[in-house]
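Here's the letter readout for the chains.
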Amino acid sequence: NIVLTQSPATLSVTPGESVSLSCRASQSISTSIHWYQQKSNESPRLLIKYASQSISGIPSRFSGSGSGTDFTLSINRVESEDFSIYYCQQSYSSLYTFGAGTKLELK
Amino acid sequence: EVQLQESGPGLVKPSQSLSLTCSVTGYSITSNYWGWIRKFPGNKMEWMGYISYSGSTSYNPSLKSRISITRDTSKNQFFLQLNSVTTEDTATYYCASQTYYGSIVGYWGQGVMVTVSS
């Protein structure tokens, strides 16, 4: 199984700060990584596909980067609605796996 | 836009089977891939499996002996059956539309919390 390690587990920030969330794969997975946001009491939603490709309807402050084993989700100037849990998911292997999540919380 | 809605019992006894239904509107399940994902207490997410537009299935090997995903195309529904459940199967279960040959979860249902307890 491909293991995805997300860090940090929790990130405490104030609105207006810019942040980077990390996802590291246990082996090289090219750009087969996707990012999801899950707000409290809601279903997850897709933010970024294939490491850096944007999704229609997602604010432009969300961006993704990386390839191989190291990936980053960046949020430019966090807004109050962004406080959520963020998950990465790989599709390099047909056994799809998720990271444990990073919780973005209000400082 | 595609919409998915899970339904099924919220409480299942240990050793019994968990059965859930996902009703899909806005898109035919004879296209695309349709899967089940669960989120455990503590936030861990696990992909369980999917059924494709043709009816073929793919399962997480960790569940392979216990899981079955089937469909009823006339009702545009697909189903999850998980046998011999234990308390470790307590989770929120989501049905989902998986695009790009199943690689990406494009749409999620609202989720249904299932507790395994006697």
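Below: a short report on this structure. What you see is a predicted model; the values in this text were computed from it and never measured. (Residues numbered from 1 in each chain as written. Chains lettered and ligands numbered in written order. Predicted model: local features only at pLDDT ≥ 70, side-chain atom pairs only at ≥ 80, totals over all residues. Heavy atoms only, no water.)

## Quick notes on the interface of chain A and chain B
Filter applied, for reference: Should any heavy atoms of two residues lie within 4.5 Å, those residues are counted as being in contact. For any pair of parts, buried area is found by adding up, for both, the accessible area (1.4 Å probe) each one loses once the two are put together. By definition, a salt bridge exists where a carboxyl oxygen of Asp or Glu is found within 4 Å of a side-chain nitrogen of Lys or Arg. Distance and chemistry together define a polar contact, namely a pair of N or O atoms within 3.5 Å, with one atom able to donate a hydrogen and the other to accept it when in protein, and with adjacent residues in sequence counting only for side-chain atoms on both sides. A run of H or I in DSSP becomes a helix once it reaches four residues, and a run of E becomes a strand once it reaches two; helices and strands are each numbered from the N terminus. Polar here means any residue outside two lists: the nonpolar Ala, Val, Leu, Ile, Met, Phe, Trp, Tyr, Cys and Pro, and the charged Asp, Glu, Lys and Arg; Gly therefore counts as polar.
Contact residues are listed per partner, giving 18 residues for chain A and 21 residues for chain B. For the pair chain A and chain B, the two sides together bury roughly 1600 Å², of which 61% comes from carbon and sulfur. Scanning the region where chain A abuts chain B turns up zero salt bridges. For the interface between chain A and chain B, the tally reads eight residue pairs in polar contact (both at pLDDT 80 or more). Counting only elements with at least two residues in the side of chain A that touches chain B, the list comes to β4 (33-38), β5 (45-49) and β9 (85-90) of chain A. Taken together, the residues of the side of chain A that touches chain B sort by class into 10 nonpolar, six polar and two charged.

## Description of the sheet that holds strand β8 (residues 70-75) of chain A
Residues and elements named next belong to chain A. As a reminder of what qualifies: When DSSP finds two or more bridges between a pair of strands, those strands are recorded as paired. A fitted line through C-alpha atoms represents every axis, and for helices the fit uses only the stretch in contact; the resulting angles, taken between N-to-C directions, go from 0 to 180 degrees.
One open sheet accounts for four strands, arranged β1-β3-β8-β7; its pairing is antiparallel. Each edge of the open sheet is held by one strand with a lone partner, namely β1 (4-7) and β7 (62-67). Across this sheet, the average inter-strand angle for adjacent strands is 20°, counted without regard to direction. Sheet analysis places β1 next to strand β3 (residues 19-25), joined by four bridges and oriented antiparallel. What sits directly across from L4, in β3, is A25.

## Some points on the state of the cysteines
Cysteine pairs can be covalently joined through their sulfur atoms, and such a bond is termed a disulfide. What counts is decided by this rule: Two cysteine sulfur atoms make up a disulfide if the distance between them is within 2.5 Å. Whether a residue is buried, partly exposed or exposed follows from its accessible area with a 1.4 Å probe, protein chains only, as a fraction of its type maximum: under 20%, in between, or over 50%, in that order.
Summed over all chains, the structure comprises two disulfides over all chains. Bridging C23(A) to C88(A), the disulfide has an S-S length of 2.1 Å. In this structure the cystine formed by C23(A) and C88(A) twists about its S-S bond by roughly 80°; its chirality is therefore right-handed. Here C23(A) is found in strand β3, whereas its partner C88(A) is found in strand β9, with 65 residues between them in sequence. Across the pair, exposure class does not vary: C23(A) and C88(A) are buried alike. Across the disulfide from C22(B) sits C95(B); the S-S distance is 2.1 Å. The sign of the 60° torsion about the S-S bond sets the C22(B)-C95(B) disulfide as right-handed. Of this pair, C22(B) sits in strand β3 (residues 18-25) while C95(B) is found in strand β9 (residues 91-99), placing the two residues 73 residues apart along the sequence. With relative accessibility at 0%, the residue C22(B) sits in the buried group.

Function cannot be inferred from these measures alone, as they are strictly geometric.
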